[in-house]
Amino acid sequence: LAQSLFALFASSLAISLVFAIIPLCHNVVVLAVVMAVAGLAMGCIDTISNMQLVKIYQKDSAIFLQALHFFVGFGALLSPLIADPFLSDTNCILSNSTANASSNLPHIRKSLVPHHPGNLSHYDLPMKGMVVTRVSYAFWIMALINLPVPIAVFFLLYKERMGPCFSSHPLLSADELAMETRPAEKEDLSATVQRPRAAGGHDDLFSCCQSKNFRGASYTYFAVHITGALVLFMTDGIVGEYSGFIYSYAVEEPLSVVHKVAGYLPSLFWGFITLGRLISIPVSYRMKPATMVFINVVGVLITFLLLLIFSYSVVFLFVGTASLGLFLSSTFPSMLAYTEDILQYKGCATTVLVTGAGIGEMVLQLLVGSIIHDQGSYSFLVCGMIFGGLAFTFYAFLLFFHRMYPKPSSDMDGASPDKPAVMDDTGQYQR
């Protein structure tokens, strides 16, 4: 936990620094390096926060994962609203041709679509002059908004006396404190506490990468990891490509939606993702993660099918966008909870699933963009339908491998309410 908190502190602090530096980058290479650092920090935060919630809360982790990803969607919805007042409606550079350039901007925006972009060479935009953009303020505001996060993590490290810079011993956890009040069971319980620590398997942040953990593992162990990652590869890829290209699809024929109206579609999509994750917090308390994932992938498939059938309806495009956001909203946290439940909450599956989701979000956007450019805007929905079908197929394989996966021996023991609490291999109390 100390290693994870230090990594979260460094990553969240790096994001504030990056956002403060971005407006000062006057070289594209420097900007690329800074953005790479930001991506690395965000990847660390994504992986570690999901993994630690799973390992700490175990069977209750589904609720906390839904809450975590609600704030992910809320941030994606909020940040454009913060930046919007600082975006210029005219050209950002003042020169003698500013008035002419400002009148050209709507035509340029209309030409900048993935499918057969128009010839922009005849539009005159000034490249030299006084810069009047205020977008730098948006980056600095986001840097300040993020700054309380590393401060809070550092305060937690200080409070728990974790790390070499704090000389005192770590504070007792709630479970260890309870042991101190029960001297009759103290020796037995202290032995069980020391056992997992001596093993060292869960104290190391990178214990999942050790080859000794794979020795003797059945093929279903790897199959659960792979199929779970493939489901998130498809669903998170759909989130990325849909939010990235729905505007371009809407302004193209046959819909030809007005540009300002089409601009509301990505916001609508992320708004319903955020709403869906908020709804999923109480729902996950009543419904199993496996059931939630099934509803999600089936809902995504049906929504894309209806979008294809009613492809000429602007009204249904908005309805379908909202529906797709709702069904995709809880897929990621529900899949994490379901997969870790199969694999006994070791935290290793979380790393694989987060990586698979990130790769899908990157690769499918690139793939769909090139297909739309070559085949036209209608292929946007066809790609979504194919990805939804693949997600459902991989989920069916995951259910199959779940049935084949060997049950842990602890499940065979008779659970009795009178049975004293003992520590399992993950350091958590069970009855």
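Residues numbered from 1 in each chain as written. Predicted model: local features only at pLDDT ≥ 70, side-chain atom pairs only at ≥ 80, totals over all residues. Heavy atoms only, no water.

**Q** What should I look at first to understand the overall build of the protein chain in this one?
**A** Per the secondary structure count, the protein chain includes 16 helices and 4 strands. Burial analysis of the protein chain (431 residues in total) assigns 40% to the buried set. A fraction of 75% describes how many contacts in the protein chain between residues 6 or more apart in sequence connect residues 24 or more apart. With the model as given, the accessible surface of the protein chain reaches about 23500 Å², and the carbon-plus-sulfur share is 68%. (Helix = DSSP H or I, 4+ residues; strand = E, 2+ residues; numbered from the N terminus. Buried < 20%, exposed > 50% of the residue type's maximum accessible area, 1.4 Å probe, protein only. Contact = heavy atoms within 4.5 Å. Areas by Shrake-Rupley, 256 points an atom, 1.4 Å probe, with all protein chains shown as cover.)

**Q** How should I be thinking about helix H13 (residues 314–329) in this particular structure?
**A** Two residues of an α-helix separated by three or four positions point the same way, owing to the 3.6 residues in each turn. For H13, which comprises 16 residues, the first-to-last C-alpha distance of 23 Å matches the rise-based estimate of 22 Å (1.5 Å per residue) to within 8%. Of the residues making up H13, those classed as buried are Phe316, Leu317, Gly320, Thr321, Ala322, Leu324, Gly325, Leu328 and Ser329. Check the buried side of H13 and you find it contacts helix H9 (219–251), helix H11 (264–286), helix H12 (289–309) and helix H14 (331–342). (Expected span 1.5 Å × (residues − 1).)

**Q** Teacher, can you tell me more about the environment of proline 333 here?
**A** In this structure, proline 333 sits in helix H14. For proline 333, a relative accessible area of 0% puts it in the buried group. Linking proline 333 and threonine 350, residues 17 residues apart in sequence, is a C-alpha distance of 9.9 Å. Once residues within four sequence positions are removed from consideration, proline 333 is found in contact with Leu65, Gln66 and His69.

**Q** When you look at the packing of aromatic side chains in this model, what are you seeing that I'm missing?
**A** For any pair of aromatic rings, the description consists of the separation of the ring centres together with the inter-plane angle of the planes. The tally for this structure, following the rule as stated, stands at 17 aromatic pairs. Taking the centre distance of 5.7 Å and the plane angle of 40° together, the rings of phenylalanine 9 and phenylalanine 154 count as tilted. Residue phenylalanine 9 is located in helix H1 (residues 2–21), and its partner phenylalanine 154 is located in helix H6 (residues 148–159); the two are separated by 145 residues in the primary sequence. Take phenylalanine 154: its relative accessible area is 40%, and that puts it in the partly exposed class. Ring geometry for tyrosine 242 against phenylalanine 269: centres 5.0 Å apart, planes inclined by 40°, an arrangement best described as tilted. On the criterion of sequence distance, the pair formed by tyrosine 242 in helix H9 and phenylalanine 269 in helix H11 is long-range, its members being 27 residues apart. Taken together, the ring pairs connect Tyr242, Tyr249, Phe269, Trp270, Phe304 and Phe380 into an aromatic cluster. (Phe/Tyr/Trp six-rings, centres within 6.5 Å; stacked < 30°, edge-to-face > 60°.)

**Q** Help me understand unusual backbone geometry, please; the structure alone is not making it clear to me.
**A** In terms of backbone geometry, most residues other than glycine have negative phi values and most peptide bonds are trans. Glutamate 253 connects to proline 254 through a cis peptide bond whose omega is 10°. Residue position: proline 254 is located in the loop between H9 and helix H10 (259–262). Positive phi values are uncommon outside glycine, yet serine 256 reaches one of about 50°.

**Q** In this structure, what is going on with a nonpolar patch on the surface? I would like to understand it.
**A** A cluster of nonpolar side chains, Leu24, Tyr137, Trp140, Ile141 and Ile145, forms an exposed patch at the surface whose accessible area comes to about 470 Å². Owing to a relative accessible area of 31%, isoleucine 141 belongs among the partly exposed residues under this scheme. (Patch = residues over 30% accessible without salt bridge, like charges linked within 9 Å, V, L, I, M, F, W, Y side chains within 5 Å. Salt bridge = Lys/Arg side-chain N within 4 Å of Asp/Glu carboxyl O.)

**Q** Even after reading the chapter, I still don't get the packing of H9 against H11, so can you show me in this structure?
**A** The angle between the axes and the distance between the axes are what describe a pair of packed helices. Axis separation between H9 and H11 bottoms out at 8 Å; the angle between their running directions is 150°. One way to sum up the angle between H9 and H11 is to call them roughly antiparallel. Contacts between H9 and H11 involve Val239, Tyr242, Ser243, Ile246 and Ala250 from the former and Leu265, Pro266, Phe269, Trp270 and Ile273 from the latter. Looking at the contact of H9 with H11, its residues break down into 9 nonpolar, 1 polar and no charged. (Axes fitted to C-alpha atoms, helices over the stretch in contact; angles between N-to-C directions. Parallel < 35°, antiparallel > 145°, perpendicular 65-115°, else oblique. Nonpolar A, V, L, I, M, F, W, Y, C, P; charged D, E, K, R; others polar.)

**Q** So what exactly am I meant to see when it comes to the packing of H9 against helix H16 (residues 379–404) here?
**A** Orientation of H9 relative to H16, taken along the N-to-C sense of each, is 160°, at an axis distance of 9 Å. Judged by the angle between their axes, H9 and H16 are roughly antiparallel. In the packing of H9 onto H16, the handedness of the crossing is left-handed. A class-by-class count of the residues in the contact of H9 with H16 yields 22 nonpolar, 6 polar and 1 charged. (Left-handed = near helix turned anticlockwise from the far one by under 90°.)

**Q** Is there a simple way to think about the confidence of the model for the protein chain in this case?
**A** Across the protein chain, pLDDT averages 77, with 71% of residues at or above 70. Within the protein chain, H12 carries the highest mean pLDDT (94), whereas helix H8 (residues 186–199) carries the lowest (42). In this model, residues 98–102 is a region of pLDDT below 50 whose contacts with residues beyond four sequence positions or in other chains number 8 contacts. Of the regions scoring below 50 in pLDDT, residues 410–431 engages in 36 contacts with residues more than four places distant in sequence or in other chains. (pLDDT = per-residue confidence, 0-100.)

**Q** Help me out: how do you make sense of the nonpolar core in this one?
**A** The nonpolar side chains of a soluble globular protein tend to be buried with one another. In this structure, Tyr242, Phe304, Leu317, Met335, Phe380 and Tyr395 are the most contacted members of the largest nonpolar core, which totals 61 residues. Per-element tally for this core: the top contributor is H9, with 15 residues. A domain-level breakdown of this core finds at least three residues from each of domain 1 (1–91 + 134–161) and domain 2 (217–407). If we skip the residues at most four places from it in the chain, tyrosine 395 touches Val231, Ala290, Val293, Phe294, Val297, Met335 and Tyr338. Judged by nonpolar contacts, the second largest core, of 6 residues, contains Leu5, Leu8, Leu157 and Met162. (Core = buried A, V, L, I, M, F, W, Y, C linked by side-chain atoms within 4.5 Å. Domains from an automatic or database assignment.)

**Q** What am I meant to see in the side chain of aspartate 236 here?
**A** Structurally, aspartate 236 can be placed in helix H9. Although aspartate 236 lies buried, it forms no salt bridge, and the closest oppositely charged side chain, arginine 277, sits 6.0 Å away as judged by the N-O distance. Those residues in contact with aspartate 236 that sit more than four places away from it in its chain are Phe332, Ala357 and Glu361. (Lys, Arg positive; Asp, Glu negative; His and termini not counted.)

**Q** Which parts of the structure should I look at to understand the environment of proline 266?
**A** Structurally, proline 266 is set in helix H11. Each C-alpha atom, one on proline 266 and one on isoleucine 246, is 6.9 Å from the other, the two residues being 20 residues apart in sequence. Aside from chain neighbours lying at most four places away, what touches proline 266 is Ser243 and Ile246.

**Q** Explain helix H5 (residues 135–146) to me, please; I cannot follow it from the model alone.
**A** For H5, built from 12 residues, the straight-helix expectation of 16 Å at 1.5 Å per residue is met to within 8% by its first-to-last C-alpha distance of 17 Å. Looking only at H5, the buried set comprises Ser136, Ala138, Ala143 and Asn146. Seen from one end, H5 has its buried residues packed into an arc of 160°, which puts them on one side. Taken together, the buried residues of H5 touch H1, helix H3 (61–83) and H6. (Arc of directions from axis to C-beta.)

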